[in-house]
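Fold and contact review
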Amino acid sequence: MKALVVVENEDIAKLVSFYLKPLGLDTIRYRDPLKALDNLEEIEPDAVIISARDFPRHWKSIAVNLRATRSKSECIIIILKGEYFPFEEAAKAAYLEVNGVIKEDFSDRAELSRFQKLLKRYVEIDDSRASDRLEPADWDRLDFAFGHPKTMAPISGKIETISLSGLSFVADYTALVSDLEPGDLIPDGSLRIDRDIVPCPSRLVRNGAVMAFKLEGMAAADRAKLENYLKTRTDREIERLLKS
């Protein structure tokens, strides 16, 4: 799935891409709205995010062209507004069937939440990506291991992505888990979160080279530790992006 991002501000573009990637949307970014307009048919984006602050006139042309052939459910259009976005502009956005208008300041958690909810409402996103996912770096202290529910063999590996609802995982020895089926309960799972190792029961959603697990039955206190780690880690990553 593809998202067309038409944003001139480098920091905003980085943040938009950062929040699109975990949802499975590949980002195509343009600084020139006319080039984006010329390539709409070729790109066929599933979502378009364009800055009204950077391009106060061109966002309308892009919306008109998209809606000539594709409905709100076929291609989502999100307008990023600056501090000044008069009622007349909002009315035009509604007339042009824009899916949503939000502030481009993603440090506002409420606006960030609206942005993500808009995408999840209109774009078909894999259930395994239903909540915001983190790709752990080498220095992250996040690890998952479990006991095979039938053979009791210890299964180790690497977390590919993780969220509050689930994780994807590459086992060190795939032959040891080849007999597991989607729906199998994994009661004997452990998750390292920084300095803590907590019980992490889960259910297998997908088996293969990359396994997918839904986290089920974590204690509230342990879930809060994971939530805090993911939030802190995301904030650090945003700071790194803005400094790079």
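This one's a predicted model, so the numbers in the text were calculated from it and none came from an experiment. (Residues numbered from 1 in each chain as written. Predicted model: local features only at pLDDT ≥ 70, side-chain atom pairs only at ≥ 80, totals over all residues. Heavy atoms only, no water.)

1. Side note on helix 4 (residues 58-67)
Here is the rule we go by: Summary of the burial criterion: residues with accessible area below 20% of their type's maximum are buried, those above 50% are exposed, and those between are partly exposed, where the area comes from a 1.4 Å probe applied to protein chains only. Secondary structure elements are defined from DSSP: runs of H or I of at least 4 residues count as helices, runs of E of at least 2 residues count as strands, and each element is numbered from the N terminus. Relevant arc is that of directions from the helix axis to the C-beta atoms, nothing else. A contact between two residues is defined here by any heavy atoms of the two lying within 4.5 Å.
Listing the buried residues of helix 4 in full gives Trp 59, Lys 60, Ile 62, Ala 63, Leu 66 and Arg 67. Along helix 4, the residues classed as buried sweep out an arc of 165° about the axis, all on the same side. Taken together, the buried residues of helix 4 touch strand 1 (2-6), helix 2 (33-38), helix 3 (40-43), strand 3 (47-51), strand 4 (76-81) and helix 5 (87-95).

2. Section: unusual backbone geometry
Phi at Glu 44 takes a positive value of approximately 50°, unusual for a residue other than glycine. Mapped onto the secondary structure, Glu 44 falls in the loop between helix 3 and strand 3. Unlike most non-glycine residues, Met 152 shows phi in positive territory, near 65°. Position of Met 152 among the secondary structure elements: in the loop between strand 6 (142-147) and strand 7 (154-155). Residue classification places Met 152 among the exposed residues on the basis of a relative accessible area of 61%.

3. Topic: the environment of Ile 162
The topology assignment puts Ile 162 in strand 8 (residues 157-162). Separated by 68 residues in sequence, Ile 162 and Leu 230 have C-alpha atoms that sit 8.7 Å apart.

4. Thoughts on the pairing of strand 3
As a reminder of what qualifies: For two strands to be treated as a pair, DSSP must find no fewer than two bridges joining them. The crossover handedness rule: strands pointing away from the viewer, path from first strand over the helix to second strand clockwise, crossover right-handed.
By the criterion of burial, strand 3 is predominantly enclosed, with five of the five residues buried. Residue alternation in strand 3 divides its side chains into two sets, Ala 47, Ile 49 and Ser 51 and Val 48 and Ile 50, and both sets are buried. The sheet contact formed by strand 1 and strand 3 spans four bridges and is parallel. Counterpart to Val 5 in the pairing with strand 3 is Ile 49. Two strands pair when backbone bridges link them, and strand 3 and strand 4 are joined in this way by five bridges, in the parallel orientation. Looking at the pairing, Ser 51 lines up with Leu 80 of strand 4. One crossover worth recording links strand 3 to the parallel strand 4 by way of helix 4, and it is right-handed.

5. Observations regarding the pattern of salt bridges
Oppositely charged side chains can pair when the atoms bearing their charge come close. We count it as follows: Salt bridges are identified by distance alone: a Lys or Arg side-chain nitrogen within 4 Å of an Asp or Glu carboxyl oxygen.
Summed over all chains, the structure comprises nine salt bridges. Arg 53 is the salt-bridge partner of Glu 104, the closest N and O atoms lying 2.6 Å from each other. With Glu 104 in the loop between strand 5 (100-103) and helix 6 (109-122) and Arg 53 in the loop between strand 3 and helix 4, this residue pair connects regions lying 51 residues apart in the sequence. The class for Glu 104 is buried, based on a relative accessible area of 8%. The partner of Asp 194 in a salt bridge is Arg 141, with the nearest N and O atoms 3.4 Å apart. Of this pair, Asp 194 sits in the loop between strand 11 (189-193) and strand 12 (196-199) while Arg 141 sits in the loop between helix 6 and strand 6, and the two are 53 residues apart along the sequence.

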